[in-house]
Each structure stands twice: as C-alpha cells, then as structure tokens.
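# Topology and contacts: notes
Listed here are the chains, written in short residue letters.
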Amino acid sequence: MAAAPPARELTQNPLQKTWEPYDNGLPAGHSAQRGVCMTNCPTLIVMVGLPARGKTYISKKLTRYLNWIGVPTKEFNVGQYRRDLVKKYKSFEFFLPDNEEGLKIRKQCALAALNDVRQYLSEENGHVAVFDATNTTRERRETIYKFGEENGYKTFFVESVCVDPEVIAANIVQVKLGSPDYVDCSNDEATEDFMKRIECYKNSYETLDETLDKDLSYIKIMDVGRSYLVNRVMDHIQSRIVYYLMNIHVTPRSIYLCRHGESELNLKGRIGGDPGLSVRGKEFAKSLAQFINEQNIKDLKVWTSQMKRTIQTAEALGVPYEQWKVLNEIDAGVCEEMTYEEIQENYPLEFALRDQDKYRYRYPKGESYEDLVQRLEPVIMELERQENVLVICHQAVMRCLLAYFLDKPAEQLPYLKCPLHTVLKLTPVAYGCKVESIFLNVEAVNTHRDKPENLDISRPPEDALVTVPAHQ
Amino acid sequence: MWGCRRRGRFPQGRRCRVCMTNCPTLIVMVGLPARGKTYISKKLTRYLNWIGVPTKEFNVGQYRRDLVKKYKSFEFFLPDNEEGLKIRKQCALAALNDVRQYLSEENGHVAVFDATNTTRERRETIYKFGEENGYKTFFVESVCVDPEVIAANIVQVKLGSPDYVDCSNDEATEDFMKRIECYKNSYETLDETLDKDLSYIKIMDVGRSYLVNRVMDHIQSRIVYYLMNIHVTPRSIYLCRHGESELNLKGRIGGDPGLSVRGKEFAKSLAQFINEQNIKDLKVWTSQMKRTIQTAEALGVPYEQWKVLNEIDAGVCEEMTYEEIQENYPLEFALRDQDKYRYRYPKGESYEDLVQRLEPVIMELERQENVLVICHQAVMRCLLAYFLDKPAEQLPYLKCPLHTVLKLTPVAYGCKVESIFLNVEAVNTHRDKPENLDISRPPEDALVTVPAHQ
C-alpha cells in the first residue's frame, strides 16, 4: 500500500447531517453510509417448490421486508408473465409435462422474467431480485445459476417443502381460488384443477439435495417453518434473509398499533419531549382498556416505549406490558419541544430541508425517519415472531411500522396518517394485510402536518406554516 | 426510568408456572470430542452475558478433572470401563445439579451444558431433567468429519489441556485420537426423524451448513442467528478511538468536534501503522461523527460509516466538562458514579443502552474477518468487554486511551490482546471511580479523579 495522500476536507451534508469528504468542492468517494449492509454484488433469490407451497407468499413478504430496511428489492413472478402472455387460462393441461406448446410458452416467460431481472439488477440499481417460480428441476436451476454467474450476481435458493395436505388445502383457499386463472370457476372446480396442476410437477420435482447441491447457497424451509436446512450462507444480506425467513410464521393473529393518548405537549402543538397525558389522553387510555377487553384477544402482548405518555396509556389496561427504548419517538434534536412556528422562526433552513425530503432529513443532533427504520428493525423482527400484539407508540414510529406492514415506500412513509386516539388493527390475509381503523371516540388534537407546496429554502413563513394543524 | 416494572428487550421477568415464555433455557451441547463444543459454549455464553442474558456454562470435563485428580489415559473413556462410566455419570449429575441451582435459585436465564451427550439415552435423561424443572431445552450439535479441522482443534486446545500437562505433543495427540474412538461406536447424531420433536441446531463442517429444528422462542432464535454468524477463520480485529479532538483537550465530553493538531498527527501515524501491518482485505468502520471520519480519511482507503458506532449520548451534559456537570447536576453525577453501567444521562443514554445499540456491530464483526473499528471511548469499552468477557461492573472503567490501537486475535477459547501506543501524545480522558459516591458529597470528592485538561 502506498503512503496515504493528505486527508481530504469534510463537509456536513445539510439534509442528513452526515460528514462527507470532498475534493475541490465536489463530493469524493471512499465513504459509504451503512444503513444495511450493501453487498457489492446484486443478489438473485430463486424460489423453489411445488405449487401452493408458499413461494409467492415468501417472495412478497421478503421483498417487502428488504425494501423497508433500505435494500432495493423487486419480485418477478413467472406465473404473472404467463398470465400476461396467455390471456385466458384453460386448465391444468397447460402444465402437463408433455404439452410442447405449454413448455415453450413457460420457458419463454421464464426467460422474459430473467431479462427483466437483469435490467433491474444491472441497469436500474436494484440490489436484490426475487425470482418466483417453481424451479423444481435441477436443470432449470442450473440455467438460472449460470445466468446469475454471467451477470455477476450471487444466487441464493429458497425452497419450501410441505407435504401436509391441510396446509396445502388452506393455501389453495387463501390465494388460489381468487386467482385470475379461476375467475370463472366454482371453488370446487378450481380446487380440483389446481390439485391436478400440482400433480404435473411432482414427477419431475428434484428437491435441493444435501449432496448433489452441496455447493449452492440455499435455505430449505420444511413444513411451514418447523425446520430449516441452511447451506453456504455467503454474505451479510443472505444471513439477514435467513434470519428473517426463520422468524416469520403463518399462524393467524392480529397486530394492534396505536399512539399514546393525547399529551400536554400535543395540546400546545409542541413536538417531542417526555410529557404526561392530557385529560383527554387519560380518557383515551380508559377507552383503550375497554376496547381491548371487548376484543377478547388471546394471549395479547402489550409493548410501549420508555416515554411517560405511552407507559401511562398502558397502565390503564391493567395488564403486563414491556417497555422498549427503541420504540421511543423520533429524536428531534435541537427542535425538541418546539412548535412548528418556533422551528420556522429559529431554523427556517432546516424546516425547508425537512419538507424537501422528510424521510432522509435528520434533525440537528437528532434523527431521521431513515434512522428510525434502522432502530425499529428488531421490533419488526419480534413482531413477526409473535402472535397477538398491541404496540402503543408514537406518530413517527407508528408511521414506520405501518409502512412495513402496508408496503408503503419511503416517500409516503412520513406522511402516513396516524391520528391520536385511533387504533389500527392489522390482520395478515392472502399476500397482504387487512387494516381496520377504530377511532375510540375521545377527541384529540390533530398532529398531522401535510407537505406544503412551497419547499423553497427562501419561502416566506406563511408558506411554510400553512399546513400546521391547529393547537393552543 | 419511569416507575413501573420495566423489562428490557429481554424480558427479565419472574419464573412462570407453566413453561411458556420467561422460562430458563438449558442449552445442551452434542458432539464427539474436538468438534468445538467448548469453543461454542464459551463463545455463546460470552455473547449472551454481554447482551444482558445471565448465562453460565457447565463443562462436565472440568467436573471430571476436579474429581479424578490425575488423568491417566484414554482408557478412562473406554465404553466397558465400569469405574470410568460411574465417575462420568456422577460428574454429569453434579453438573446438572449446579445447573438447577443456577437457573432455579440464582436467577440464571441460560445454562450451557457442555459435554459430549452423544447417546440418545443421555440426551433423554437431560431433557427429562429440563422438563421436571420447567426449563426449555435446546440442543446444539457440532458434526465434523474433516480430519484437518479436528487435528487443528487438538493442537489449539487439547495439547495444552491439564489432562496432557506431562505428555509430549505426539503422546497427547495419539491418546486423544483414541479417546475420540471410544465415543464413535455409540454416537447417535441428532436425527431428522427420531428427534423431530426436539429443538436443536446441527452445525455441520464448522458452519458450512445447518439443520435447525423447532425454534421455540426469541432467545433460541437469537442463539441460532448468532451460531450461524460465527466462524473460525483466523483474523484480527483492531479497535481504536478517533484522534484527540478539540473538545478532548478542553476536558469536554461528547459533541461533534474535529481533530486537534495531535489528533491529526495520530491519524497519519495510524495510516502508517496500518500500512506496516500489511493486513489482508482490511475493512475500516467509523461512526458518523466528524472526529472518527477525519481519522479514517487519513488512511486513504474506503471506509464505512455506522451511526450506531456514535459515542454515548450524554443528553443534557453534552459538551460539558466534569466540573460543569458537578456544578449543574451534582445528583446526576453521583448517581452515575454509583452505577455507571446502568446510569442514563437525562435525555441521553446509558452504557446498557449502548450495548443494545452495538449488538449489530458485534454480529457483523463476527461475520467479518480483518476489521479496523475507529470509534469512541464508551463505545470501545463496550466492544472490548464483549471480546474480553468483562462483566457489566467493569465495562465502564476499561482503559481505552487515545492514540492506542488494541489488536484482538482469537486464540484457543479466548482473545489475545496487543496494545500499541502510536507515539503521539494525547490528553487522558479516563476518569476513575471516586471513593465518595454519596449524593451529598463535596465537589472536590466528586472531581478528585477527573483527568487534567485545558
């Protein structure tokens, strides 16, 4: 290694408050921010398994998780390519192993999907692509692996193996009966056809083998997560993917999200701090207790932050609860306990930068939404492990959690509506999440500030403050 | 902390009546000799204690050494040696009794039972013991057939064992190989079918692949994640602080200052030192604070900034001198001295918070090979405590002076530490625990251990 050149100057990025080196007034390289480990190689995840084994469920969930933690990920469902190409699905006969026409079309779709994968990973800055198809033969997987090698991708296989007929039947009900393939069929017709479709694959199915596939990187998920076989995890992202897949489950349950009751600072339009509940906030806590009681939830876990207002709210429930420091509200740094009017007065530049990029903007000596997501990742992981949970948290925190469950992108996340005194009940269904919003009938101030029109750093105060909600 | 019962990320609650959550966990190692069971036991114990889960390991071989003062030969382990079998069973039961005491009477959360446990019968006995006492049992098996790995293990940890203190290396190796043979015939590996109702992880070929069955709860999930991230490839971890900063000179804590003149000197010396070490594929990590980044800049190599490596947040005390803290917050200052690990600055953090924040760094350090971490005093203390297995009471007082690199190299069951002062003077920032911890102590008693500054 040669002698190091003279150290470059550092400049602080005004939005994210990160220190970056610059050469001759221009940002220089050599410094990466770690949000989540960015591997230098894109990663190609290849699903493997018979129909109705949860491949698409896993693909979508994994994609949602990776995007939320900041790893650009996209899924490519070959069945969807087939539906786009062959407008009308006739019957399982399309999938018979000796149907030449069917085989030709299916191969064409796989190649079209792989081409889009290549475009996403090599031209559009994607980091991870999830290739969702049965990929049940060693030959097909070999083709895909070679494709990955040619393009400089790391390939990781995710196989789902399940022989439990009850699970398969439940999957069919959940996600196949409503498929566009069966839009004109009765449930019985659809089920019968789909079972025959599965049979078409069984004879040629070559599961990932400990010996024959010992040089591949993969996880084999057995019986919906009862056990796992993990082989040759190559890097950080694969390790995170394995950890995530080993923590998710399909047991029906609901997640309840709400904020603390209205606080004294909420009333005054002040952000942050560690205030107690207002009179109405305490009312809400009682209403919440009643609501929870009526819901009759089995084995409900209750989580709060370590801030007084969430704990006071939980106290009214009269049940054990767990305090998590990482559920604390976003740290507004120098702006803590200010009103928006005061922020505009004292830090007009900061206020404008925040409106320009609310997700990445970090308060001076504080945090950004982007920081919050990193901080909340263990909460998401534990929520995946758990069953029925009530999370009593804060506005920015709740927006982050909600964005994960509802697959909202970074641009929308900081503007999700999470009003006080309203419980969101999230129930996983099919490939997504059902949301029920329950306002508990105790009035509270509105704390939601929309993005104003004028984002210019030299805007007049009234333009900046036009969307500030009313307060005392 | 707000009054009510507080449970951290790891519920440290009371024992439950039915074994659901909050049950103690009994980890049972499984495997032939020289498969890394003790290595894994010790490492796992160290990790769990560091993240705040009271854990203790129970090595049955140690019980045997305590009972049978002098080891003679592998014949002790022959499957038909009645006397040997009797003593070994006695030792296992003594160890299990201590496990019971630790988990049921001493508030231990996890016990690691380190023995071969190679027969289904023995594992059945232990599982029953766990059930009777309300423990959740999790098996960790290490399977390895690679003769090179086994030979390397024997060199690393067996030749120096008390069992072989009077033998030559060749004698020891020969005896140990025969010892392994004693176990092979009766070895019943964890089986996907026969043991399908047990919770376990089977580690194959030093982490090439894993079979994981029935993970029951959060702690088992974390244990599996940890075990899947550790490796045994030789490497070194370099820890140091940023160069001396402008605020260091003034005796002020925290803030986001730049390097002093001497701090910049240090950065250059660090660059030279790293060059001379000729480290293969070195990764460099910094915090997102200016002083660590400035230090890394001098190296002229790519580096990664981690926000979680930022210095402990001193809240309302940021940028104060200790004298000012004593003046403005005498009660806080005393409370901090009373329990420096758990004390949280108003609107700031505690060392305990820091450890939680740093866990992903430790996990990634385990995955990586050669890494240089340029961080801060409190952060470095936390990382060092993990590698050197220092308990919470000692952690906040570990010495991490400026301009000194600590080179950590895993060896045998622990970590070798080399301390390299890079010959650029800097202020001392280490404040020892004073004698008088009373909240009504006079200022001079509080400030007696404050190091000199401008």
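Everything quoted here is computed from the prediction, not taken from an experiment.

The next thing to look at is the interface of chain B and chain A. Opposite the 58 residues of chain B that make contact, chain A presents 58 residues. The contact between chain B and chain A buries some 4,800 Å² in all, and 49% of this surface belongs to carbon and sulfur atoms. The tally of links between chain B and chain A comes to three salt bridges. Note that Glu337 of chain A and Lys347 of chain B form a salt bridge whose closest N and O atoms lie 3.4 Å from each other.

Glancing now at the UniProt feature "binding site: substrate" (unreviewed entry) in chain B. Residues and elements named next belong to chain B. Sequence positions flagged by UniProt for "binding site: substrate" (unreviewed entry) are, in local numbering, Arg241, His242, Gly243, Glu244, Ser245, Glu246, Leu247, Asn248 and Arg291. Separation in sequence by 51 residues is not matched in space for these annotated residues, since their most distant C-alpha atoms are only 14.1 Å apart. Inspection of the secondary structure assignment puts Gly243 in the loop between β7 (237-241) and α8 (246-249). For Gly243, a relative accessible area of 0% puts it in the buried group. Setting aside chain neighbours within four positions, we find Gly243 in contact with Asn248, Leu259, Gly263, Phe266, Arg291, Thr295, Leu402 and His403. Mapping Ser245 onto the fold places it in the loop between β7 and α8. If near-sequence neighbours (up to four positions away) are discounted, Ser245 is found in contact with Pro257, Gly258, Leu259, Ser260 and Arg291.

For the coordinates displayed, the defined rule picks out 54 salt bridges over all chains. The salt bridge involving Lys128 of chain B is made with Glu124 of chain B; its shortest N-O contact spans 3.5 Å. One end of the pair, Lys128 of chain B, and the other, Glu124 of chain B, are both in helix α4 (residues 120-133), four residues apart, so they sit about a helical turn from each other. Classification of Glu124 of chain B by relative accessible area gives partly exposed; the value is 40%. Residue Lys416 of chain B pairs with Glu418 of chain B through a salt bridge whose shortest N-O separation is 3.9 Å. Look at Glu418 of chain B and you get partly exposed, because its relative accessible area is 32%. A single network of salt bridges, built from pairs that share partners, joins Arg82, Arg83, Asp181 and Arg197 of chain A.

Below, the discussion takes up the sheet that holds strand β10 (residues 227-231) of chain A. Strand order in the open sheet formed by 12 strands is β6(A)-β7(A)-β5(A)-β8(A)-β9(A)-β10(A)-β6(B)-β5(B)-β4(B)-β1(B)-β3(B)-β2(B), with mixed pairing between adjacent strands. Each edge of the open sheet is held by one strand with a lone partner, namely β6 (73-77) of chain A together with β2 (55-59) of chain B. With strand direction ignored, the average angle separating the axes of adjacent strands in the sheet is 15°. As paired elements, β10 of chain A and strand β6 (residues 209-213) of chain B share five bridges and run antiparallel to each other.

With that out of the way, let us pick up the sheet that holds strand β14 (residues 389-393) of chain A. Residues and elements named next belong to chain A. Strand order in the open sheet formed by six strands is β13-β12-β14-β11-β15-β16, and the pairing between neighbours is mixed. Looking at strand neighbours, the two that pair on one side only are β13 (322-323) and β16 (432-439), the edges of this open sheet. Sheet analysis places strand β12 (residues 301-304) next to β14, joined by four bridges and oriented parallel. Bridging across to β14, Trp303 finds its partner in Val391. Its contacts with the sheet place helix α14 (residues 395-406) against β11 (255-259), β14, β15 (422-429) and β16, and it is angled at close to 155° to β11.

We now examine the state of the cysteines. All names here are of chain A. Tallied over the entire structure, the rule returns zero disulfides over all chains. This cysteine, Cys335, is not joined by any disulfide, and Cys400 carries the nearest cysteine sulfur, 18 Å off. Accessibility expressed as a relative area gives 0% for Cys335, which makes it buried. Sulfur of Cys433: no disulfide; nearest cysteine sulfur belongs to Cys418 and is 14 Å away. Overall, Cys433 belongs to the partly exposed group, its relative accessible area being 24%.

All names here are of chain A. On the UniProt side, "active site" (unreviewed entry) is annotated at positions that read His260 and Glu329 here. Annotated residues spanning 70 residues; largest pairwise C-alpha distance 10.7 Å, indicating a single compact cluster. Considering the arrangement of structural elements, one finds His260 in the loop between β11 and α8 (264-267). Judged by its relative accessible area of 2%, His260 falls in the buried class. Other than its neighbours up to four places away in sequence, His260 contacts Asn266, Phe284, Arg309, Thr310, Thr313, Ile392, Cys393, His394 and Leu420. Within the local environment of His260, its side chain forms a polar contact with the side chain of Arg309, the two groups lying 3.4 Å apart. Among the secondary structure elements, Glu329 is positioned in the loop between β13 and α11 (340-346). The buried category is assigned to Glu329, whose relative accessible area is 14%. Contacts of Glu329, omitting those with residues within four sequence positions, involve Met307, Arg309, Glu367, Arg375, His394, Gln395, Ala396 and Val397. Polar side-chain contacts of Glu329 include one of 3.1 Å to the backbone nitrogen of Ala396.

Parameters and conventions
Residues numbered from 1 in each chain as written. Chains lettered and ligands numbered in written order. Predicted model: local features only at pLDDT ≥ 70, side-chain atom pairs only at ≥ 80, totals over all residues. Heavy atoms only, no water. Contact = heavy atoms within 4.5 Å. Buried area = accessible area lost by both parts, 1.4 Å probe. Salt bridge = Lys/Arg side-chain N within 4 Å of Asp/Glu carboxyl O. UniProt positions renumbered as here; feature names shortened; annotations may be inferred. Helix = DSSP H or I, 4+ residues; strand = E, 2+ residues; numbered from the N terminus. Buried < 20%, exposed > 50% of the residue type's maximum accessible area, 1.4 Å probe, protein only. Pairing = 2+ DSSP bridges. Axes fitted to C-alpha atoms, helices over the stretch in contact; angles between N-to-C directions. Disulfide = S-S within 2.5 Å. Polar contact = N/O pair within 3.5 Å; in protein donor to acceptor, adjacent residues only side chain to side chain.

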